[in-house]
Amino acid sequence: MSTILEKIAQIESEMARTQRNKATAGHLGLLKARLAKLRRELITPKGGGGASEQGFEVSKTGDARVGFVGFPSVGKSTLLSNLAGVYSEVAAYEFTTLTTVPGCIKYKGAKIQLLDLPGIIEGAKDGKGRGRQVIAVARTCNLIFMVLDVLKPLTHKKLLEHELEGFGLRLNKQPPNISFRKKDKGGVNLNATVAQSELDLDTVKSILGEYKIHNADITLKYDATADDLIDVIEGNRIYIPCIYLLNKIDQISIEELDVIYKIPHCVPISAHHHWNFDDLLDMMWQYLKLVRIYTKPKGQLPDYSSPIVLHHEHTSVESFCNKLHRTIAKEFKYALVWGSSVKHQPQKVGIEHVLNDEDVVQIVKKV
């Protein structure tokens, strides 16, 4: 393990020494690709997965999963206790929480699992302080709450982002608009629909060469960087929305609070005094992009108390049927839908129809 860390340190120091210009772009691209490969070896060591350490992974329950990430003693456990009513040990010293503590809240009819993860320290992506297990659990979440102390400088935010990015997590970003296809022969074929400031054919070839790929079609649909291309080749990056929670606002002035509100993806809160939890839960709902569908049995009123919750990427009638029971899709004849996704109330739709939030659905089976 130490040899990998030494190699990473060597490459990082070489990248810091290298001047950035057109002549060195190819070399820097090559170094970035090597760095990404070494990082991947750190995440998944060669020779099988090995036994995972006890007490970390928690079984997934509910409709979505939210992970609390942050340095020790920023108020993650207090926030979980006050939001979900689950007791996670709280004390005035660092590293109080040593394993993942799960909690569950019900918001707008959806069950949302909250995970209080142990504090991350600098160097977590390189395996320090159980950081790798913490970030591995964070990769399975639908949304990340990055809890920061408002009194400590915003450099903490950058450090945490750096740790998570080193582990293949991309916060509040979209997957790169690059199409990449391996082929058996024909060399590297590079097409760019817009002018590129960083990537040219030689740089792309040197990055692909590091992955032993010599035949591929690549289309760049925007001004991409070497890091974007490496993300696409690696293919194990996870794009997660993230909300920055600035905790302990009871200790700052109103003027400072006004400044904090202008930071994007940010919610100021006080976990101890329960301040601004409404704003936090509202923003969480927006970022999770969940869709609630109500069921209507034949001849009865719709059941508004327990909606079926779908993810915004899978909102077809088929996904809805599978969420109810996997045999329903096979016996499906048509569905009657009331709501904003149809022109008429009700409207007869097929299994491909895409539903909107708060639609009411009645399924008719084959006889």
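In this text, all values refer to a predicted model and were calculated from it rather than measured experimentally.

*Asks:* Quick question: what am I supposed to make of the overall build of the chain here?
*Replies:* The secondary structure content of the chain amounts to 11 helices and 16 strands. Taking the contacts inside the chain whose residues are at least 6 apart along the sequence as the reference set, 64% of them involve residues at least 24 apart. For the chain, the accessible surface area stands at approximately 19200 Å², while carbon and sulfur atoms represent 52% of it.

*Asks:* Explanation requested: the sheet that holds strand β11 (residues 266–268) in the structure shown.
*Replies:* Through backbone hydrogen bonds, the strands of a sheet pair up, either in parallel or in antiparallel fashion. Ordered by their spatial adjacency, 6 strands build an open sheet running β2-β3-β1-β4-β10-β11, and the pairing between neighbours is mixed. In this open sheet, the two edge strands, each paired with only one partner strand, are β2 (101–107) and β11. Direction aside, the axes of adjacent strands within the sheet are offset by 25 degrees on average. Pairing geometry for strand β1 (residues 64–69) and strand β3 (residues 110–116), over 5 bridges, is parallel. Counted as the bridge partner of Arg65 is Gln113 from β3. Against the sheet, helix α5 (residues 155–165) engages β1, β4 (143–149) and β10 (242–247), with an angle of about 145 degrees to β4.

*Asks:* Just checking my understanding: could you explain the nonpolar core for this structure?
*Replies:* Across soluble globular proteins, nonpolar side chains have a tendency to be buried as a group. Counting 60 residues, the largest nonpolar core has Val66, Leu79, Ile112, Leu114, Phe145, Leu245 and Met284 as its most contacted members. If one sorts the elements of this core by residue count, helix α9 (residues 277–288) sits on top with 8 residues. Counting 18 residues, the second largest nonpolar core, distinct from the first, contains Ile178, Val188, Ala224 and Leu229.

*Asks:* Explain the packing of helix α3 (residues 76–84) against α9 here, please?
*Replies:* The axes of two packed helices give the description: the angle between them and the distance between them. Relative orientation of the contacting elements α3 and α9 amounts to 85 degrees, with a least axis distance of 12 Å. Classified by the interaxial angle, the pair formed by α3 and α9 is roughly perpendicular. Every residue of α9 that contacts α3 at Leu79, Asn82 and Leu83 is listed here: Phe277, Leu280 and Leu281.

Calculation rules
Residues numbered from 1 in each chain as written. Predicted model: local features only at pLDDT ≥ 70, side-chain atom pairs only at ≥ 80, totals over all residues. Heavy atoms only, no water. Helix = DSSP H or I, 4+ residues; strand = E, 2+ residues; numbered from the N terminus. Contact = heavy atoms within 4.5 Å. Areas by Shrake-Rupley, 256 points an atom, 1.4 Å probe, with all protein chains shown as cover. Pairing = 2+ DSSP bridges. Axes fitted to C-alpha atoms, helices over the stretch in contact; angles between N-to-C directions. Core = buried A, V, L, I, M, F, W, Y, C linked by side-chain atoms within 4.5 Å. Buried < 20%, exposed > 50% of the residue type's maximum accessible area, 1.4 Å probe, protein only. Parallel < 35°, antiparallel > 145°, perpendicular 65-115°, else oblique.

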